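What follows is the residue order along each chain.
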Amino acid sequence: MSYLRFGALIALLSGGAAMAAGPEAYMINLGPVARTNATHFIAVGRGTADVTLDGSKLTVKGLFNGLVSPATDAHVCIGVGIGVRGTCSTDLAVPQAPSGTVGGTVTLNSNQMKALRAGQLYVQINSQKAPAPAGNLWGWILIAHEEVGQDVPQQGHWFLPQYDMPLSAEHGSTHELKT
């Protein structure tokens, strides 16, 4: 077999393998925004969501509850790091209620794709008493990982978002990138 044909065969096979790869799994743990004396009693609640990335399509499907006032809107936002508020743009669906579902499918641009892999994308739910820009609930979109219950010792590797998100700033400082 000539080198040209062999190269074409390898390119065809590797392209097929890339196309056969399934969606990537992510997850969100929604919690109250950073608390201050002013927000302690109004920015409350919890939620979770499953997230899939298929190509550039990000799908969020989650539940939230425990808000003091009805939710008003929800967004996908970009911060500079985990726990740091950023800018919100893309809308998600949320009912005007203190509990319900949050979700939607958005097409990520190249900047958002990079931010996702760096742990910089998050979902923010705003409510009547805890409106934007601070909002009510925040949850960073992180690679799906094992969660253990409260007071349960975890065996083996612990999920550390700053180190386990493939493109986080801290990741390369002490850990090699996994391919």
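Report follows, based on the coordinates. (Residues numbered from 1 in each chain as written. Predicted model: local features only at pLDDT ≥ 70, side-chain atom pairs only at ≥ 80, totals over all residues. Heavy atoms only, no water.)

### Things to note about the overall build of the protein
Next up, step 1: When helices and strands are counted, the protein shows 4 helices and 9 strands.
Next up, step 2: From first element to last, N terminus to C terminus, the protein shows the α and β order α-β-β-β-β-β-β-α-β-β-β-α-α.
Next up, step 3: Relative to its full complement of 179 residues, the protein shows a buried share of 35%.
Next up, step 4: Counting only carbon and sulfur atoms, one obtains 59% of the accessible surface of the protein, whose full area is about 10600 Å². (Helix = DSSP H or I, 4+ residues; strand = E, 2+ residues; numbered from the N terminus. Buried < 20%, exposed > 50% of the residue type's maximum accessible area, 1.4 Å probe, protein only. Areas by Shrake-Rupley, 256 points an atom, 1.4 Å probe, with all protein chains shown as cover.)

### A word on unusual backbone geometry
Next up, step 1: In this model, Ala132 is joined to Pro133 through a cis peptide bond whose omega is 10 degrees.
Next up, step 2: Looking at the secondary structure, you find Pro133 in the loop between β7 (121-127) and β8 (137-140).

### Let's talk about the pattern of salt bridges
Next up, step 1: The full count for this structure, using the stated rule, is 1 salt bridge.
Next up, step 2: Across the salt bridge formed by Arg117 and Glu24, the nearest N and O atoms sit 2.5 Å from each other. Here Glu24 lies in strand β1 (residues 24-32) and Arg117 lies in helix α2 (residues 110-117), a separation of 93 residues in the sequence.
Next up, step 3: Judged by relative accessible area, Arg117 falls into the partly exposed class, the value being 22%. (Salt bridge = Lys/Arg side-chain N within 4 Å of Asp/Glu carboxyl O.)

### Some remarks on the state of the cysteines
Next up, step 1: According to the stated counting rule, one finds 1 disulfide in the structure shown.
Next up, step 2: Disulfide partner of Cys77: Cys88, at an S-S distance of 2.0 Å. Judged by the torsion about the S-S bond (95 degrees), the Cys77/Cys88 disulfide is right-handed. Highlighted residues: Cys77 in strand β4 (residues 71-78) and Cys88 in strand β5 (residues 87-92), separated in sequence by 11 residues.
Next up, step 3: The class of Cys77 is buried, set by a relative accessible area of 0%. (Disulfide = S-S within 2.5 Å.)

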